[in-house]
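# Topology and contacts: notes
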Amino acid sequence: MTETVEREVGRARPRKEDAHLITGQTNWTDNISVNGLLHFALLRSPMAHARIERVDVSPALERPGVIAAFSGADLAEGLGSMPCVWPVTEDIVMPDHPPIAVDEVRHAGDPVAVVVARDRYAAADALEAIEVDYEPLPPVLDLEAALEPDSPLVHSDKGTNRCYTWPLKTGESFDSVRQRAELTLKRRYHQQRLIPNAMEPRAVVVTPIASSGEYTLYSSTQIPHIVRVLMAMVTGIPENKIRVIAPDVGGGFGSKLQVYGEEAIALAVARRLGRPVKWTESRSEGYLATHHGRGMIQDVEIAANRDGKVLGLKVDLLADMGAYLMLITPGTPLLGAFMYPGIYKMDAYDFTCTGVFTTRTPTDAYRGAGRPEATFAIERTMDELAVELGMDPVELRRRNWIRHEEFPHTSIAGLTYDSGNYEAATAKALELFDYDKLRAEQADRNGRADTVRLGIGVSTYTEMCGLAPSRILKDLRYAAGGWEAASIRMLPTGKVEVVTGTSPHGQGHATCWSQIAADALGVPFDDVEVVHGDTKAAPQGMDTYGSRSLVVGGMAVHHAALKVVDKARKVAAHLLEASEQDLDFTNGVFSVKGSPDARKTIQEVAFETFSSHDLPDGMEPTINAEQLLDPDTFSYPHGTHLCAVEVDTETGQTHIRSYVCVDDVGHVINPMIVEGQVHGGLAQGIAQALYEEAVYDDEGNLVSGTMADYLVPSAPDLPEFVTDRTETPATSNALGVKGVGEAGTIASTPAVVNAVVDALRPLGVKEVRMPCTPERVWKAIEEARS
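Our subject in this report is the structure included herewith. (Residues numbered from 1 in each chain as written. Predicted model: local features only at pLDDT ≥ 70, side-chain atom pairs only at ≥ 80, totals over all residues. Heavy atoms only, no water.)

Bringing the overall build of the chain into the picture now. Regarding its fold elements, the chain presents 20 helices and 28 strands. Its C-alpha atoms give the chain a radius of gyration of 28 Å, near enough to 28 Å, the size a compact globule of 786 residues would have. Taking the principal axes of the C-alpha coordinates as reference, the chain spans close to 90 × 70 × 50 Å. Across the 786 residues in the chain, those meeting the buried criterion constitute 62%. Across the chain, every contact between residues at least 6 apart in sequence was considered, and the portion connecting residues at least 24 apart equals 79%. On the chain, roughly 29400 Å² of surface is accessible, and the fraction owed to carbon and sulfur atoms is 49%. (Helix = DSSP H or I, 4+ residues; strand = E, 2+ residues; numbered from the N terminus. Rg over C-alpha atoms; globule rule 2.2 N^0.38 Å. Buried < 20%, exposed > 50% of the residue type's maximum accessible area, 1.4 Å probe, protein only. Contact = heavy atoms within 4.5 Å. Areas by Shrake-Rupley, 256 points an atom, 1.4 Å probe, with all protein chains shown as cover.)

On to helix α17 (residues 602-611). Within α17, burial applies to I602, V605, A606, T609 and S611. The secondary structure elements touched by the buried residues of α17 are β19 (484-490), α15 (509-521), α16 (549-576), β22 (583-586), β23 (589-592) and β24 (595-601). With its phi angle positive at about 60°, S612 sits one or two positions after the end of α17.

Turning our attention to the packing of aromatic side chains. Within the structure shown, the criterion is met by 12 aromatic pairs. The interplanar angle of 75° and the centroid separation of 6.2 Å between the aromatic rings of W166 and F338 together place this pair among those described as edge-to-face. With W166 in strand β7 (residues 162-171) and F338 in the loop between β14 (310-322) and β15 (348-357), this pair connects stretches of sequence that are 172 residues apart. On the accessibility criterion, W166 (11% relative accessible area) is buried. Aromatic pair Y659 and F721: ring centres 6.0 Å apart, planes at 80°, arrangement edge-to-face. Of this pair, Y659 sits in strand β27 (residues 654-664) while F721 sits in strand β28 (residues 721-725), and the two are 62 residues apart along the sequence. Clustering of aromatic rings is evident, with ring pairs tying together W166, F338, Y340, Y349 and F351. Here the guanidinium or amino end of R202 rests over the ring plane of Y260, the centre of that ring lying 3.7 Å away. Sitting above the plane of the Y696 ring, R360 keeps its charged end 5.6 Å from the centroid. (Phe/Tyr/Trp six-rings, centres within 6.5 Å; stacked < 30°, edge-to-face > 60°. Lys NZ or Arg CZ within 6 Å of the ring centre and 35° of its normal.)

You can see Q684 is positioned in helix α18 (residues 671-690). Sequence-distant contacts of Q684, that is, excluding residues within four places in its chain, are made with F253, Y366, R367 and T745.

Let us now look at the packing of α18 against helix α19 (residues 743-760). One way to put it is that α18 packs onto α19 with a least axis distance of 7 Å and a crossing angle of 40°. Judged on the interaxial angle alone, α19 and α18 are oblique. Relative to α19, α18 is oriented so that their crossing is right-handed. Across the interface between the two elements, V678, G681, L682, Q684, G685, I686, Q688, A689 and L690 of α18 pack against G744, T745, S748, T749, V752, V753 and V756 of α19. (Axes fitted to C-alpha atoms, helices over the stretch in contact; angles between N-to-C directions. Parallel < 35°, antiparallel > 145°, perpendicular 65-115°, else oblique. Left-handed = near helix turned anticlockwise from the far one by under 90°.)

Turning our attention to the sheet that holds strand β13 (residues 293-304). Hydrogen bonds along the backbone pair up the strands of a sheet, which may run parallel or antiparallel. The sheet built from 5 strands is open, its strands ordered β7-β15-β14-β13-β8 with mixed pairing. Edge strands, defined here as strands with exactly one partner in the open sheet, are β7 and β8 (183-194). Going across the sheet, the axis of each strand differs from the next one's by a mean of 10°, ignoring polarity. Pairing of β14 with β15 involves 10 bridges; the strand directions are parallel. Within β15, the position partnered with G312 by the bridge is A348. Set on the sheet, helix α10 (residues 371-389) makes contact with β8, β13 and β14; between it and β8 the angle comes to about 145°. (Pairing = 2+ DSSP bridges.)

Attention now goes to the sheet that holds β28. Here we have 4 strands laid out as an open sheet, ordered β18-β26-β27-β28, and mixed in their pairing. Strand pairing shows two members of the sheet lacking a second neighbour, β18 (452-462) and β28, which therefore form its edges. Between one strand and the next, the sheet's axes are offset by a mean angle of 10°, whatever the strand orientation. Pairing of β18 with strand β26 (residues 638-648), which is carried by 11 bridges, proceeds in the antiparallel orientation. Opposite Y461, over in β26, you have G639 as the bridge partner.

Attention now goes to the pairing of strand β10 (residues 214-219). Summarising burial for β10: 5 of the 6 residues are buried, a large majority. Pairing of strand β9 (residues 203-209) with β10 involves 6 bridges; the strand directions are antiparallel. Bridge pairing in β10 links V206 to L217. Hairpin geometry of β9 and β10 is characterised by an intervening segment of 4 residues between the two adjacent antiparallel strands and by a positive phi of about 70° at G213. Inspection of the sheet shows β10 paired to strand β11 (residues 242-245) by 4 bridges, in the parallel sense. Bridge pairing links T216 to R243 in β11.

With respect to the helices, strands and loops of the structure, K738 is situated in the loop between β28 and α19. Between the C-alpha atoms of K738 and I781, which are 43 residues apart in sequence, the distance is 42 Å. At 3.1 Å, the side chain of K738 forms a polar contact with the side chain of S419. A distance of 3.0 Å separates the side chain of K738 from the backbone oxygen of T728, its partner in a polar contact. (Polar contact = N/O pair within 3.5 Å; in protein donor to acceptor, adjacent residues only side chain to side chain.)

Time to look at helix α12 (residues 422-433). An ideal rise of 1.5 Å per residue puts 16 Å on 12 residues; α12 measures up with 16 Å between its terminal C-alpha atoms. If you check which residues of α12 are buried, you get Y422, A425, T426, A429, L430 and F433. For α12, the buried positions fall inside an angular range of 130° around the axis, keeping them on one side. On its buried face, α12 sits against α11 (393-400), β17 (416-417), α13 (435-447), β18, β26 and β27. Residue D434 follows α12 closely and has a positive phi angle near 60°. (Expected span 1.5 Å × (residues − 1). Arc of directions from axis to C-beta.)

Purely geometric stuff here, so don't read any function into it on its own.
Below you can see the structure in the form of structure tokens.
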């Protein structure tokens, strides 16, 4: 009789990764030390826009411990332009992006010189000896003014600050819908710039092997495989001579979904000197040099009837590219283009995004990448429409969302949502939140003109994630594919190695991939080891971003494991002298139907295959397998988030009193990890709503350049979250899973801002620009009163 074994998938297992993290056994890039290691530091421009007249690095060479110093011109030979892999239109303006500036600096923090020394402190100290003459040029900061004919130019050789204009028009024309609508509503929203704050700063180590011309590049990156390909293109070093290792990586949030100039500079300096080199950014340096997120103006117009039926949506974006196009800069706002209609049915959708160059740090992916911005715009607008109609915001959403029986459903933007149940998630959230009781309390407090007002915010969202289908990426002009690789190695002793092309930095892949493989193979969870983040050990992969790891990488592991079982079945059938069709496979055991004592474990089959003494004729001595998976579509998690805030009208202080979210991420591999991902996402979404903003002065200087000025919330600043789930399995993959890594960030920002505005609306306040700081809230109240 077969022993019943508890399935791994669905168990809240503690993470395999945690033991070495909490015992200090981590191997961050900055921990890496090799014989002869040198350190380099970068002199960065203090000006937002200037012509470089002269760079003299020779005084730095006289400083103690300094080995070499280079200007941009010194390193220009052998370094190409930094890559952008998403030219979103045929006529996109693609300026050169040198890893180190040669003729002109275009944002504060642009590197202009390198000092190499025996230790990092000597290198940093010697920077002050370098002499640079700048000719100031006018900064370009205002997105609308940058498009005026007389605007100064960020890239004078291009003749314009317009990077591209990308339209999407579906359904009826919006003009015709506007004419028959009973009301239209226009709103403008500002998505402030955000600075990623991964716990571990970026770092790079390059070790050259002179005899073979090989280089090993260690980097705190989310994308080791992509770094390898693009560093070969930028430096001219053959790809087969570059090995990229992402050791332990302390978070990324999109900021390490990037190929940075410092990686190219490290390779160039190591090649020049024939010595290993290291660079680690300081926190304040990272605020200038690590790409920023968000940064756009959203003009939204919605057309509807008085019964609440939404007829159409028009969205016009101005998206701040910053000074250069980095890896996916132009495509990042377009990831939201298909999500502005959200979960709602309508007849017309008109979207246009214009990318604009400015003299600020480049923007690129930041947790959610385009989709938080889209969700914010539609969810804020739905609340505004509800006010205009005198309707409860939840009821307005009910009248317009896709009903559960309508799935699969093709949205007005052209995406086919495979599954969902917005009714169930919302019902559960309302119950946990005690919505009606809070509304009654709010009415009472407003009636008493309480100085502390209660506001209630709603956000019902879906997102497209699992950035993968290569054919769709081709249609969007994205240069790479979206497949993912996994291989399973059954070792002779019965242990299992899972080699994955995903590259984790806090997501728990080692745990979840072990759970998936253990279930499929019927082996103990602890017998599975996951190998990742090294282009030599895991040579194929498209890495980690866009909530793609589970629905693409995890599914590749699942399918590779099934291939192992199929191969093992052939060997087991031969050993048991039975046909393959007569074998059952349960809990890792092959048994002959009707003869349960005739059995072989998959571990026994692995050893028999290793010995190769008795294999089926013509079979190779291996049951190892690999899978390169390219999904046909995205996955679509969804949920309902509800937020109650108390706003002190005398001080402007906002306090989150309660926060409830019910997310639907399909089948769950590990509930504990899902809970952690949701909590982290909520923290970042709330941070945008209330705390974080990258602020520049009129000269283009970043004035929120330290943690003293850029407010990152900590645990005491956040409420206790009430989280729950509904489960509507995805139909697009065998495990029924959906992404979760960005869900909390996508949904929470509009929920919080809707709550703040809801609290202040009786006072005449119609909008509070993010972040809703006490000062901004107080000013909004005073302006409304006056």
